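Coordinate analysis (summary)
As a plain string of letters, each chain reads:
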Amino acid sequence: SLIDAALSRCATALMVIRNPDDLGTNATQLLASLRPFLVEEVVVSEWPGTKLHGRTATVAKYALSTLSAPILREATQGLFGWQHPDLPEDLCLLRSDSSPWLVTIAHEADGYFELAEPEFTELLSKVPEIGGLLRVD
């Protein structure tokens with residue numbers, strides 16, 4: 001339901017591929033399904049929520065739309081399922097200006113939103129069950 005809620009606010013979904021040669025079948029199939037939505041692939045040492053020291057990874061950005069959202073929704077049962085080798089890592093949802101809306105660091109079971117007050121209110125109305133999980137800083 002988070003992916004559906006993000007459709008009104010986010011333009012892209014970002015995910016990380018640390019070692020393409022070690023990806024599992026699920027990850028390979030997912031990336032093939034998302035290929036038509038690929039916006040950009042870059043090799044970097046930093047992305048929302050993570051900064052590598054002395055290493056790099058491939059960050060892939062995909063257009064988030066009513067066509068790509070079901071592919072992302074069906075990939076895993078939860079945000080922290082985005083882990084190598086079964087899936088690309090650290091799903092993040094970005095606004096059209098590339099600012100983060102949702103950031104995850106899946107292997108640490110960590111995630112957070114960067115929301116303005118109207119976005120927070122909208123998210124709670126679309127996904128009320130998340131209210132008990134959120135801490136406002």
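What follows concerns the overall build of the chain. Each helix and strand in the chain was counted, giving four helices and eight strands. Element order for the chain, N to C, with α for helix and β for strand: α-β-α-β-β-β-β-α-β-β-β-α. Seen along its three principal axes, the alpha-carbon backbone of the chain occupies a region of about 40 × 35 × 25 Å. Taken across its 137 residues, the chain has 39% of its residues classed as buried.

Per the counting criterion, the structure on display carries one aromatic pair. A centroid spacing of 5.3 Å and a plane angle of 85 degrees characterise the contact between W101 and F113, whose relative ring orientation is edge-to-face. Of this pair, W101 sits in strand β7 (residues 100-105) while F113 sits in strand β8 (residues 110-113), and the two are 12 residues apart along the sequence. Take W101 and F113: they sit in the same class, and that class is buried.

About the criteria used
Residues numbered from 1 in each chain as written. Predicted model: local features only at pLDDT ≥ 70, side-chain atom pairs only at ≥ 80, totals over all residues. Heavy atoms only, no water. Helix = DSSP H or I, 4+ residues; strand = E, 2+ residues; numbered from the N terminus. Buried < 20%, exposed > 50% of the residue type's maximum accessible area, 1.4 Å probe, protein only. Phe/Tyr/Trp six-rings, centres within 6.5 Å; stacked < 30°, edge-to-face > 60°.

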